[in-house]
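Here is what each chain is made of, one letter per residue.
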Amino acid sequence: MIDFPQDYDYLFKIVLVGDPKVGKSYILSQYIREDFDLENKDTIGVEFDQKFYPTMPGQDKILVQLWDSAGKYGFLQKLPSYFRASTGALLIFDVTKKDSFLNCEKWYNTITSLADPHIQIVLVGNKTDLSNLRIVSRQEAEDFAKQRNIKYIEVSALTGNNIDEAVGIVVEDTMRLIR
Ligand code: GDP
Ligand code: MG
């Protein structure tokens, strides 16, 4: 059971989107629990977890929910509630799998067609620790992001590198919108 705190100023629902196996569930567990659980099972359907965004005392309390889903492209189209009330999205691909990057276009269109137009989207290149298996360059990912006026960040759910920063970009951009 998730302990649901009542005492917060904002609830930011951030959806994780991308091909199977890009590391959505590992990113969630790295962000929420700061671990890398090798026993992590495949996601069944939809799940979420949450924690407070680190802020200074006296600042607004932001509860960050990360929503994770299983399934190939097409699954989320039949599940518009996944995007309902979402404030942000991490559009994730695996830098060692070209298809997962090429499919970002379809996933991006899914987000923009099903989510609120104000949703803050960040493109996330995961598994950057596998540098010798890398196929997708930083440049082509940056070009994709630039064309859509979104930000790009490279992360590793294995080492935890830039995971907090990726969520941080979405949270800070959302705060800027509502301030
Ligand atoms: P999902 O289907 O998108 O939820 O993908 P998972 O989170 O289950 O990750 C798929 C597999 O990729 C995992 O079993 C891990 O072995 C691997 N993985 C995920 N993130 C990383 C990463 O940052 N680096 C490396 N080397 N492997 C990762
Ligand atoms: Mg998963």
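Because the structure is predicted, anything quoted here is derived from the model rather than measured.

Procedures and definitions
Residues numbered from 1 in each chain as written. Chains lettered and ligands numbered in written order. Predicted model: local features only at pLDDT ≥ 70, side-chain atom pairs only at ≥ 80, totals over all residues. Heavy atoms only, no water. Helix = DSSP H or I, 4+ residues; strand = E, 2+ residues; numbered from the N terminus. Buried < 20%, exposed > 50% of the residue type's maximum accessible area, 1.4 Å probe, protein only. Pairing = 2+ DSSP bridges. Axes fitted to C-alpha atoms, helices over the stretch in contact; angles between N-to-C directions. Contact = heavy atoms within 4.5 Å. Near = heavy atom within 4 Å. Polar contact = N/O pair within 3.5 Å; in protein donor to acceptor, adjacent residues only side chain to side chain. Areas by Shrake-Rupley, 256 points an atom, 1.4 Å probe, with all protein chains shown as cover. Nonpolar A, V, L, I, M, F, W, Y, C, P; charged D, E, K, R; others polar. Salt bridge = Lys/Arg side-chain N within 4 Å of Asp/Glu carboxyl O.

Now for unusual backbone geometry. Residues other than glycine seldom take positive phi values, yet N149 does so here, at roughly 60°. Note on placement: N149 falls in the loop between helix 4 (138–147) and strand 6 (151–154). A relative accessible area of 73% places N149 in the exposed class. Not every positive phi belongs to a glycine, and N162 is a case in point at roughly 65°.

A word on the sheet that holds strand 1 (residues 10–17). Taking strand neighbours across the sheet as the criterion, the 6 strands line up as 2-3-1-4-5-6 in an open arrangement whose pairing is mixed. What marks the edges here is a single partner per strand, and that holds for strand 2 (46–52) and strand 6. This sheet shows a mean twist of 25° between the axes of neighbouring strands, independent of strand direction. Pairing geometry for strand 1 and strand 3 (residues 62–69), over 6 bridges, is parallel. Note on strand 3: the bridge partner recorded for Y10 is I62. Those strands touched by helix 4 are strand 4 (88–94), strand 5 (120–126) and strand 6, and its axis lies near 155° from that of strand 6. Running over the sheet, helix 5 (residues 163–178) touches strand 1, strand 3, strand 4, strand 5 and strand 6 and is turned about 135° from strand 1.

With that settled, the discussion passes to the site of ligand 1. Surrounding ligand 1, one finds 15 residues, the nearest of these being K21, K24, Y26, D129 and A157. The side chain of S156 places a nitrogen or oxygen atom 3.4 Å from an oxygen atom of ligand 1. Contact with the protein chains covers 81% of the free accessible surface of ligand 1, which is 580 Å². Of all the elements, helix 1 (residues 24–33) adds the most residues to the shell around ligand 1, at 3 residues. Here the residues of the shell around ligand 1 sort into 6 nonpolar, 4 polar and 5 charged.

Tallying each qualifying case throughout the model produces 11 salt bridges. Among the salt bridges present, the one from D94 reaches K97, with a minimum N-O distance of 3.9 Å. With a shortest N-O distance of 2.8 Å, E140 and K98 are connected by a salt bridge. Of this pair, E140 sits in helix 4 while K98 sits in helix 2 (residues 98–102), placing them 42 residues apart in sequence.

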